[in-house]
Amino acid sequence: MITRTRLAAGTCALLAALAAGLAFPAGAVAGEPTGDDAPKVDLVLDVSGSMRTRDIDGGTRMAAAKQAFNEVLDATPEEVELGIRTLGADYPGDDRGTGCKDTAQLYPVGPLDRTEAKTAVATLAPTGWTPIGPALLKAADDLDGGAGSKRIVLISDGEDTCAPLDPCEVAREIAAKGIGLTIDTLGLVPNAKMRQQLSCIAEATGGTYTSVEHTDELTEKVNQLVDRAADPVVTPVATRGADSCAKAPTLKSGLYTDRAEFGAQRWYRVDVAPGRELRASVSVGADRAVNPSHGVLLRAVTAHGREIVRGEAAGDGRTDVLSTGLRYPKAEGGSDEEPAEAVCLQVTHSFSVASGVKTTPGLPLELTVDVVEGPSDADDVASFGLGRGWWLLGVLVLVGFLAGLLWGWLSRWRFAVWRTN
């Protein structure tokens, strides 16, 4: 048996796929790729006044963005539905209320007409404010609907100027909607504050953050993200854990999503046949502000409550996702008719929130279950915990024993020499 801790960083668009109330077809298989819905991408471009700055390859940031967009539009796969949204493109004034509403759909999300999209991009000129939060909310609405992959690619050269609508909190709200949306962020010539904000936005939905200082870097990264949207999407199947092992739902191999309530346990059941190995992992995401110092515990126990193995992880508030996993091999039975063992998985966490922060619904939880062929070798890592490290442990014990004997003999010899002299 082995307990393995895995800290997620960018595993598989975690929070974007998590939420309560997701609806799936009755015959859905856990972890099965989504259907034939076209993947969608909304490119969100900062067109605020700072984009006039000339510090990217001798030209303005706006010129670099336009060049990158033109090359990306040429390379966009046919199956991808693409749209372009702007922020800060239309209002040049000083009124904060108006400036913080300045976001518009430049090109609607749908089948791509490259000529029309390029013409729209060519008209852009750096203008106003930087309402990142409002733009993300509108972009999420642009992509709502359908089961295909959904991705927002945000390109900005500065932090949001429309606080207190914190873009990081907006990203967490979008993740909590459960529409399967990932936000990737690209920072043009970033400073520390902007880097922190864009990183937080990306992490909240399982996306990525990249710092960009050259036009070719911007083009290459946006192309990668658009191409990634066309990859098959694995959709978690919604389930609801019970408050005890006896009432737990039985899960098969696959990917599941649930909500982990504060101060409560979630139980799930997996049947493990003789000669098979259970591999399970759980990730709990903080889709709202939580207190630092928290942990996640995943236990595998028998139907009678005896703990088999556990996995645990602790966090300090610097990441929005905490993950852990475990493995349990079921030994071969004495006969071919021996029934499968009912193994219960218990998930608990110690996340807490400050006064005034909503505790319902619970935090998004993603559970991976895999029952595979069991280990065939007696020294397999899953069989003994130490795996092939047993021989190393034996060697260390023997070496330590011999070293002790040698040191004792040398000490007695030195003492005898000293007394003789």
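Throughout, residues of each chain are indexed from 1 in the direction in which the sequence is written. Note on the predicted model: pLDDT of at least 70 is required for a residue's local features to be given, and 80 or more for side-chain atom pairs to be given and counted; whole-chain, interface and lining totals, by contrast, use all residues. Only heavy atoms go into the side-chain values, all of them from the structure, while hydrogens and water stay out.

Draft legend 1. How the structure looks around the pairing of strand β18 (residues 363–373). Of all 11 residues in β18, eight are buried, a share of seventy percent or more. Pairing between two strands requires that DSSP report at least two bridges joining them. In this description a helix means any DSSP run of H or I spanning at least four residues, a strand means any run of E spanning at least two, and both kinds are numbered starting from the N terminus. For strand β11 (residues 254–260) and β18, the ladder comprises seven bridges, and the chain directions are antiparallel. When the sheet's bridge partners are listed, Leu255 is paired in β18 with Thr368. Pairing of strand β13 (residues 276–285) with β18, which is carried by nine bridges, proceeds in the antiparallel orientation. Within β18, the position partnered with Glu277 by the bridge is Val372. Relative accessibility decides the category of a residue: with a 1.4 Å probe and only protein chains considered, values under 20% of the type maximum give buried, values over 50% give exposed, and everything between is partly exposed.

Draft legend 2. Inspection of the pattern of salt bridges at higher detail. The rule for a salt bridge is simple: a side-chain nitrogen of Lys or Arg has to be within 4 Å of a carboxyl oxygen of Asp or Glu. Inspection of the entire model under this criterion finds 16 salt bridges. One salt bridge in this structure joins Asp74 and Lys118, with 2.6 Å as the shortest N-O distance. On the criterion of sequence distance, the pair formed by Asp74 in helix α1 (residues 61–75) and Lys118 in helix α3 (residues 114–122) is long-range, its members being 44 residues apart. For Asp74, a relative accessible area of 48% corresponds to the partly exposed category. Judged by its relative accessible area of 26%, Lys118 falls in the partly exposed class. In this structure, the salt-bridge partner of Glu307 is Arg299, at a minimum N-O distance of 2.7 Å. Using a relative accessible area of 16% as the deciding quantity, one classes Arg299 as buried. Here the salt bridges do not stand alone but share partners, grouping Asp55, Arg61 and Asp157 into one network.

Draft legend 3. Highlighting α3. Of all the positions in α3, only Ala117, Ala120 and Val121 are classed as buried. Here the buried residues of α3 occupy an arc of 100 degrees about the axis, which is enough to place them on one side. Away from its buried face by more than 90 degrees, α3 exposes Thr115 and Ala122. Under the rule applied, a polar contact is a pair of N or O atoms within 3.5 Å (in protein, one hydrogen donor and one hydrogen acceptor; residues adjacent in sequence only if both atoms are side-chain atoms). You can read the cap of α3 off the contacts: a side-chain oxygen lies 3.2 Å from the backbone nitrogen of Thr115, and it is on Asp113. In this description, one arc is meant: the one made by directions from the helix axis to the C-beta atoms.

Draft legend 4. Examining the sheet that holds strand β12 (residues 266–272) more closely. Across the sheet, four strands lie side by side as β12-β17-β14-β15; this open sheet has antiparallel pairing. Only two strands of the sheet have a single partner each, and these edge strands are β12 and β15 (307–315). Across the sheet, the mean angle separating the axes of adjacent strands is 15 degrees when strand polarity is ignored. Pairing of β12 with strand β17 (residues 341–349) involves seven bridges; the strand directions are antiparallel. Its bridge partner lying in β17, Trp267 is registered against Gln346. Convention adopted: a line fitted to C-alpha atoms gives each axis, helices being fitted over their contacting stretch, and angles between N-to-C directions are expressed from 0 to 180 degrees.

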